[in-house]
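Structure assessment
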Amino acid sequence: MKTLILFRHGKSDWGARYQGDHNRPVAKRGRKAAALMGRFLRKTGQTPDSVVTSSALRARTTVELAHESGEWGCPVRVTDQLYDAQCQDLLREIHAEPDATERLLLAGHEPTFSEMIGRLTGQVVNFPTASMGRIDFDGTSWSQVEFGAGRLVWLVHPKLLKKSGF
């Protein structure tokens with residue numbers, strides 16, 4: 001079985017000074033949420049074996065904070081292919097993952113991530129900032145992952161974790 005976790009970047013700081021959308025930073029609220037989500041994966045025994053993140057500053061920062069807070073210890077690869085991506089672009093990244101990886105985390109953006117969950121699982125979801133969705137696939141190779149073949153196991157929002165006292 002292969003497990004894919006989609007992780008939307010933390011809340012952006014629209015009031016900050018930055019040049020271009022690619023360089024928009026994460027807001028204080030987004031930084032806290034990213035760290036919380038990192039701890040969530042560690043405490044539930046679901047830390048990734050590998051992470052691929054969008055090259056956008058807000059996505060990279062979200063992953064850095066989650067990685068550090070969750071003590072993940074896995075490699076992180078940054079790519080331009082997840083910035084302004086379409087679902088087919090994400091599928092190419094998934095297919096390129098080595099089969100030794102059992103749990104892959106992709107970090108990126110809306111509206112692509114909620115659309116990707118829908119295309120992989122048939123589920124329509126609301127995917128707020130810093131949310132994570134876990135999708136499981138039968139099979140032993142990432143090349144076997146196709147649209148419609150996944151099962152949405154959970155979708156977690158930072159607000160839900162806070163309300164539950166996590």
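From a predicted model like this one, the values you see are computed outputs, not experimental measurements.

**A short note on the overall build of the chain**
Looking only at helices and strands, one finds five helices and six strands in the chain. Put simply, the chain runs from its N terminus to its C terminus through helices and strands in the order β-α-β-α-β-α-β-α-β-β-α. The globule rule puts the C-alpha radius of gyration for 166 residues at 15 Å, and the 15 Å found for the chain is close to it. Considered along the principal axes of its C-alpha atoms, the chain spans approximately 45 × 35 × 30 Å. Across the 166 residues that make up the chain, the buried fraction comes to 51%. Pairs at least 24 residues apart make up 75% of the contacts formed inside the chain by residues separated by at least 6 positions. Summed over all atoms, the accessible surface of the chain reaches about 7,900 Å², with 47% contributed by carbon and sulfur. In the chain, the 23 positive side-chain charges and the 18 negative ones have mean positions that sit 11 Å from each other.

**Section: the packing of helix α3 (residues 87-96) against helix α4 (residues 112-121)**
For the pair α3 and α4, interaxial distance at closest approach is 9 Å and the crossing angle is 70 degrees. As the angle between them shows, α3 and α4 are arranged roughly perpendicular. Residues C87, L90, L91 and I94 of α3 pack against T112, F113, E115, M116 and R119 of α4. Looking at the contact of α3 with α4 residue by residue, the class counts come to six nonpolar, one polar and two charged.

**Thoughts on α3**
Listed in full, the buried residues belonging to α3 are C87, L90, L91, E93 and I94. Looking straight down α3, one finds its buried side chains confined to an arc of 160 degrees; they lie on one side. Summarising the contacts, the buried residues of α3 are in contact with β1 (2-8), β2 (50-54), β3 (76-79), β4 (103-108) and α4.

What counts and how
- Residues numbered from 1 in each chain as written.
- Predicted model: local features only at pLDDT ≥ 70, side-chain atom pairs only at ≥ 80, totals over all residues.
- Heavy atoms only, no water.
- Helix = DSSP H or I, 4+ residues; strand = E, 2+ residues; numbered from the N terminus.
- Rg over C-alpha atoms; globule rule 2.2 N^0.38 Å.
- Buried < 20%, exposed > 50% of the residue type's maximum accessible area, 1.4 Å probe, protein only.
- Contact = heavy atoms within 4.5 Å.
- Areas by Shrake-Rupley, 256 points an atom, 1.4 Å probe, with all protein chains shown as cover.
- Lys, Arg positive; Asp, Glu negative; His and termini not counted.
- Charge placed at Lys NZ, Arg CZ, Asp CG, Glu CD.
- Axes fitted to C-alpha atoms, helices over the stretch in contact; angles between N-to-C directions.
- Parallel < 35°, antiparallel > 145°, perpendicular 65-115°, else oblique.
- Nonpolar A, V, L, I, M, F, W, Y, C, P; charged D, E, K, R; others polar.
- Arc of directions from axis to C-beta.

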